[in-house]
Amino acid sequence: MVPLSYYLLLSGILFVCGVLGFLIKRNIITIFMSIELMLNGVNLSFVAFAAHWHALRGQIFVFFVMVVAAAEAAVGLAIIIAVYRTRETLNVDQVNLLKL
Amino acid sequence: MLHLILFLVFGAICVAGAINLLTQRHPIDSALSLVVVMASLAVEYLLLGAEFVAAVQVIVYAGAIMVLFVLVIMLLNAGVEERTKGSRIAVLLGVPGVVIAGVLVAWILLHRVNAAPVPIGAQPGDPRDIARILFHDFLLPFEITSVLIMIAILGAVVLASRPEAVVKRASAEASKAAPELVGAGKEH
């Protein structure tokens, strides 16, 4: 038996790590991975609440989050490839112009 | 008791992986620590009685999405990231602020939330019940997500394909460099 708040704490820690990575990392791929980390933290709280309230619908939302994450990963990585092709760098500090 | 120990062990692995993601400087190390985070989260889902979610987590997240990441990292030959100096004020104000906010949130969660322990395996999490909800109550959102995936795939192909002008130029240069090769290719 694990208290619900432990799960929420773990979920919060993961989310905060994701936010931190998003803010401090400079590699565009790592920034993208931080977003995935945030999504994972939210998924954990979805599943924990689903178990807490005996509502299976919470798990359904995890699937929708995963679908959106997969779509986001596909489009985002394509954008990263396009950015690398035009600028030949992955450092977000050097990607500061909308149009070359 | 066993569940608590398992939760703590895999939660610690999870947090360690997340922190390792932040501290590593090479993207491939970050990607592998993200795989660790996702795999240990799958164990947490198992502890919560969500077997199907755990399986999907391993297959989709730790499998498909992370393979995509690793593929892009290797494709672009990403190296060690360069650090930029952050501002001193951000460190001075930000770190205490984060600590205070974290302690507050942890205190509220531990004391104020009606924290009944989560019983393990008390809820039906088997694929049959999930499928009944997913394909009955949530049929419309399910179909909409399939359209979303479709659009995402098309968008990824459009974004990642090279612009037409570049392809034409490259093929023109190739035919100029080796016209007999291109001609031989056309015959077949």
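In terms of helices and strands, chain A carries three helices and one strand. Along the chain direction, N to C, the helices and strands of chain A fall in the order β-α-α-α. Judged by the C-alpha coordinates and their principal axes, chain A covers about 55 × 25 × 15 Å. A fraction of 49% describes how many contacts in chain A between residues 6 or more apart in sequence connect residues 24 or more apart.

Per-residue confidence for chain A gives a mean pLDDT of 89; residues scoring 70 or more make up 100%. Within chain A, strand E1 (residues 2-3) of chain A has the poorest average pLDDT of any element, 82, and helix H2 (residues 28-52) of chain A the best, 92.

The next subject is the interface of chain A and chain B. At the junction of the two partners, chain A supplies 55 residues and chain B supplies 67 residues. Elements that contribute at least two residues to the side of chain A that touches chain B include exactly E1, helix H1 (4-24), H2 and helix H3 (57-87) of chain A. Tallying contributions element by element places H3(A) first for the side of chain A that touches chain B, with 21 residues. Each residue belonging to the side of chain A that touches chain B can be placed in one class, and the counts come to 41 nonpolar, ten polar and four charged.

Bringing the nonpolar core into the picture now. A:Ile29, A:Val47 and B:Leu34 are the most contacted members of the largest nonpolar core, which has 64 residues in total. Elements supplying a minimum of two residues to this core: H1, H2 and H3 of chain A together with helix H1 (2-23), helix H2 (27-47), helix H3 (51-75) and helix H6 (139-160) of chain B. Among all residues touching A:Val47, those that are not within four sequence positions of it are A:Gly58, A:Gln59, A:Val62, B:Tyr45, B:Leu48, B:Ala50 and B:Val53.

Our focus in this paragraph is the confidence of the model for chain B. Residues and elements named next belong to chain B. Summing up the model confidence of chain B, the mean pLDDT is 83 and the portion of residues at 70 or higher is 85%. For chain B, helix H8 (residues 179-187) is the element with the lowest average pLDDT, namely 52, and H2 is the one with the highest, namely 93. This prediction of the complex comes with two scores: 0.84 for pTM and 0.91 for ipTM.

Attention now moves to the packing of H1(A) against H2(A). All names here are of chain A. The geometry of H1 relative to H2 is characterised by a closest axis approach of 7 Å and an angle of 165° between their N-to-C directions. With respect to their mutual orientation, H1 and H2 come out roughly antiparallel. Seen from above, H1 lies across H2 with left-handed handedness. Here the contact of H1 with H2 is built from residues that sort into 16 nonpolar, nine polar and no charged.

Counted at 1.5 Å a residue, the expected span for H3(B) with its 25 residues is 36 Å, and the 34 Å between its end C-alpha atoms agrees. Within H3(B), the axis deviates most sharply at B:Met66, by approximately 30°. Restricting attention to buried positions, one finds in H3(B) the residues B:Val53, B:Ala54, B:Val56, B:Gln57, B:Tyr61, B:Ile65, B:Met66, B:Phe69, B:Val72 and B:Ile73. Where H3(B) is buried, its residues touch H2 and H3 of chain A together with H2 of chain B.

Quick notes on the rules
- Numbering of residues begins from 1 in every chain and follows the order in which that chain's sequence is written.
- Lettering of chains starts at A and numbering of ligands starts at 1, both following the order in which they are written.
- Given that this is a predicted model, residues contribute local features only at a pLDDT of at least 70 and side-chain atom pairs are listed and counted only at 80 or more, while totals for whole chains, interfaces and linings are drawn from all residues.
- Secondary structure counts use DSSP, requiring at least four H or I residues in a row for a helix and at least two E residues in a row for a strand, with both numbered from the N terminus.
- Two residues qualify as a contact pair if the distance between their C-beta atoms, derived from the backbone, is within 7 Å.
- Per-residue confidence from the predictor is given as pLDDT, running between 0 and 100.
- Throughout this entry, Asp, Glu, Lys and Arg are counted as charged residues, while Ala, Val, Leu, Ile, Met, Phe, Trp, Tyr, Cys and Pro are counted as nonpolar. The remaining residues, Gly among them, count as polar.
- The term nonpolar core refers to a set of buried Ala, Val, Leu, Ile, Met, Phe, Trp, Tyr and Cys residues connected through C-beta atoms within 7 Å.
- Partly exposed residues are those falling between the two cut-offs: more than 12 but fewer than 20 other C-beta atoms within 10 Å of their own, whereas 20 or more means buried and 12 or fewer means exposed, with C-beta atoms placed from the backbone.
- Between the N-to-C directions of two axes lies an angle of 0 to 180 degrees, each axis being a line fitted to C-alpha atoms and, for a helix, fitted only over the stretch in contact.
- What sets the label is the angle itself: under 35 degrees gives roughly parallel, over 145 gives roughly antiparallel, 65 to 115 gives roughly perpendicular, and the rest give oblique.
- It is the rotation of the near helix from the far one that decides the hand of a crossing: anticlockwise by less than a right angle makes it left-handed, clockwise makes it right-handed.
- Multiplying 1.5 Å by the residue count of a helix minus one yields the expected span of that helix.
- We define the bend at each residue as the angle formed by axes fitted to the 7 residues ending at it and the 7 residues starting at it.

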